[in-house]
Every structure is written in structure tokens, then in C-alpha cells.
Amino acid sequence: GGSGFIVDKKGIIITSKHIVADPDAIYTIITNDNKKHESEIVHISPHNDIAILKLNLKSKTQNLKPIKLGDSDKVQLGEQVLAFGSPLGNFPNTVSEGIISGLHRKIKAETDLRPGKDTLKGMIQTDAAINPGNSGGPLVNMKGEVIGINTVTVADAENISLAIPINSVKEILKTVSKRNR
């Protein structure tokens, strides 16, 4: 289980690749109105922990509310942020508050079912709690804009969590949006 966020009224969702690592699985998305939707994976990043899904909407009039994407290049140390997600899969719609405590971090992490680890670069460090189940959820600035994708917490430390900068997914989103018109 994990989290994600809607970025397009047609049902485009951003999440973490490690959330949808099993290519044979069927992924069900539960929206905030508690409705369940099947989805399809439309993009898996080969070198980053990014996945893009599309909801299989039963109704063309579904009232999806996409979240606004910010500019992760403008993130500042000490800036307040909110991490949204569903920790442990048991606590939906959880929010934790923190600050940006580091920029341009690099970490090795398992992002799919292959053996070995990928090197994730340019990560945003925050002390906002990112627990298992928060992965794929948005890291949001105080303007209500997504600046990162919650990805990982450092296991041997306290309050060190990392998010992928949202700017690294914007080009991918343009390509996906063109294909899904």
C-alpha cells in the first residue's frame, strides 16, 4: 500500500515506483470520497522512484480535483512543509508538518523488485514524518503546491525523510498527458 495524488482531471496520478513494483498486480485506488477505482500504470521511471497511473473512471463526469504542482527549484532550507499520506495503510489522509532540512541529497534505495539499489539524486530532505504508506504522497509547501513526492525515511536516524523534487516528474507528465488525451 501507499499514497499518491491526482494531477489531472482525467485521473492521472503520481506515486512512487516502489508502490507499484509488481507488474502483474492490479492496483486499486481509493479516492478521498472512499470510491474504489481500478487503475493502469502508464509510466514507470527506469532511474527514479516515480510511477504514473491513470484511473479507469466509470463516469466521464467524475469530479476529480487535481493538486497544483509547485516549483521544487525554489524550495528553501527552513521552509515549512506538509507531508500527506496513509501511514501503515491504516491511517488515511494523515498530515505531518516539518521543515526543509536539506537539499540535493543522494541516497541508495530499492525502488522495484530487481536485486540491488538505485541511486536517487537531488532529493529534498525534511523532518516531516514519512512513514511506510506515505510513499508516493505529496510533500506540499505552505501555498498548497506539491514540491516533492514522499519517498523514503532513513531507518537508522530520527526525522530524516526524503522526497523526490516535483520538477523531475513535470516533463514525464507532459508526455503522459499527450498520450492520454
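Everything below is about the structure shown above.
Participant: I'm lost on the sheet that holds strand 6 (residues 80–85) in this one. Help?
Facilitator: Hydrogen bonding along the main chain pairs the strands of a sheet, whether they run parallel or antiparallel. Strand order in this closed barrel of 6 strands is 6-7-8-11-10-9, and the pairing throughout is antiparallel. Geometrically, the sheet is characterised by an average inter-axis angle of 50 degrees between neighbouring strands, direction not taken into account. Pairing analysis gives 6 bridges linking strand 7 (residues 94–109) to strand 8 (residues 118–126), with the strands arranged antiparallel. Paired with alanine 109 across the strands is aspartate 118, a residue of strand 8.

Participant: Looking at this structure, how should I read the pattern of salt bridges?
Facilitator: Once the charged atoms of two side chains with opposite charge are near each other, the side chains can pair. Under the definition given, this model contains 2 salt bridges. Put simply, glutamate 145 and lysine 68 hold a salt bridge, and the shortest N to O gap is 3.6 Å. Here glutamate 145 is found in the loop between strand 9 (138–141) and strand 10 (146–153), whereas its partner lysine 68 is found in the loop between strand 5 (51–55) and strand 6, with 77 residues between them in sequence.

Participant: Looking at this structure, I do not really get the side chain of aspartate 49. What am I missing?
Facilitator: Counting through the fold element by element, aspartate 49 comes out in the loop between strand 4 (36–44) and strand 5. Although aspartate 49 is buried, it makes no salt bridge; lysine 17 carries the closest opposite charge, 5.9 Å away. Separated by 2.9 Å, the side chain of aspartate 49 and the backbone nitrogen of lysine 17 make a polar contact. A distance of 2.6 Å separates the side chain of aspartate 49 from the side chain of histidine 18, its partner in a polar contact.

Rules used in this analysis
- Residues numbered from 1 in each chain as written.
- Predicted model: local features only at pLDDT ≥ 70, side-chain atom pairs only at ≥ 80, totals over all residues.
- Heavy atoms only, no water.
- Pairing = 2+ DSSP bridges.
- Helix = DSSP H or I, 4+ residues; strand = E, 2+ residues; numbered from the N terminus.
- Axes fitted to C-alpha atoms, helices over the stretch in contact; angles between N-to-C directions.
- Salt bridge = Lys/Arg side-chain N within 4 Å of Asp/Glu carboxyl O.
- Buried < 20%, exposed > 50% of the residue type's maximum accessible area, 1.4 Å probe, protein only.
- Lys, Arg positive; Asp, Glu negative; His and termini not counted.
- Polar contact = N/O pair within 3.5 Å; in protein donor to acceptor, adjacent residues only side chain to side chain.

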